Amino acid sequence: MSDNRWHQAYLTLLDTLRMSQREREKRSEFVTDADGGQELGWVIFERERMLEAVNALRSQANTAPVDLDAVLRAESSACGHSDYTSKFAIRCADLVVA
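Let me sum up the structure you'll find in this document. (Residues numbered from 1 in each chain as written. Predicted model: local features only at pLDDT ≥ 70, side-chain atom pairs only at ≥ 80, totals over all residues. Heavy atoms only, no water.)

### Details of the nonpolar core
- Leu-13, Met-50, Val-54, Val-71, Phe-88 and Cys-92 are the most contacted members of the largest nonpolar core, which totals 22 residues.
- When contributions to this core are tallied by element, the ones reaching two or more residues are helix 1 (3–21), helix 2 (41–60), helix 3 (68–78) and helix 4 (84–97).
- No other element matches the seven residues that helix 4 contributes to this core. (Core = buried A, V, L, I, M, F, W, Y, C linked by side-chain atoms within 4.5 Å. Buried < 20%, exposed > 50% of the residue type's maximum accessible area, 1.4 Å probe, protein only. Helix = DSSP H or I, 4+ residues; strand = E, 2+ residues; numbered from the N terminus.)

Structure below.
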């Protein structure tokens, strides 16, 4: 995949994440996650939106979908960075072109 394709994926994913983050106030309750643990609703929501967006872009490129664990690793690598949003989108763009 070309650098331009990665860049377009990054911009799409960054926009997806930013739009999802606007919903944080509506999703501030703790909910049960897929593993039976408790997480804030907005964390799960944003992660699910990114998984959907990554796989939609992978589908356009005729590549197999990634699983939630791949997005969890991307999210984890972004945690603690001063620009978490951009770093998460970068890691997810990497998943699109992998």
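### A few points about the environment of Arg-49
- Of note, Arg-49 is situated in helix 2.
- Judged by relative accessible area, which is 22%, Arg-49 ranks as partly exposed.
- In this structure the C-alpha to C-alpha distance between Arg-49 and Ala-89, which are 40 residues apart in sequence, comes to 12 Å.
- Setting aside its immediate chain neighbours within four residues, Arg-49 contacts Thr-16 and Ser-20. (Contact = heavy atoms within 4.5 Å.)

### Notes on helix 1
- For helix 1, with 19 residues, the first-to-last C-alpha span of 27 Å sits near the 27 Å given by 1.5 Å per residue.
- Lining the buried residues of helix 1 we find helix 2 and helix 4. (Expected span 1.5 Å × (residues − 1).)

### Some words on the packing of helix 1 against helix 4
- Relative orientation of the contacting elements helix 1 and helix 4 amounts to 135°, with a least axis distance of 8 Å. One finds that helix 1 runs oblique with respect to helix 4. The two elements helix 1 and helix 4 cross, and the hand of that crossing is right-handed. Listed contacts from helix 4 to Trp-6, Ala-9, Tyr-10, Leu-13, Leu-14, Leu-17, Arg-18 and Gln-21 of helix 1 are Tyr-84, Thr-85, Ser-86, Phe-88, Ala-89, Ile-90, Cys-92, Ala-93, Asp-94, Val-96 and Val-97.
- Among the residues making up the contact of helix 1 with helix 4, the classes are represented as 14 nonpolar, three polar and two charged. (Axes fitted to C-alpha atoms, helices over the stretch in contact; angles between N-to-C directions. Parallel < 35°, antiparallel > 145°, perpendicular 65-115°, else oblique. Left-handed = near helix turned anticlockwise from the far one by under 90°. Nonpolar A, V, L, I, M, F, W, Y, C, P; charged D, E, K, R; others polar.)

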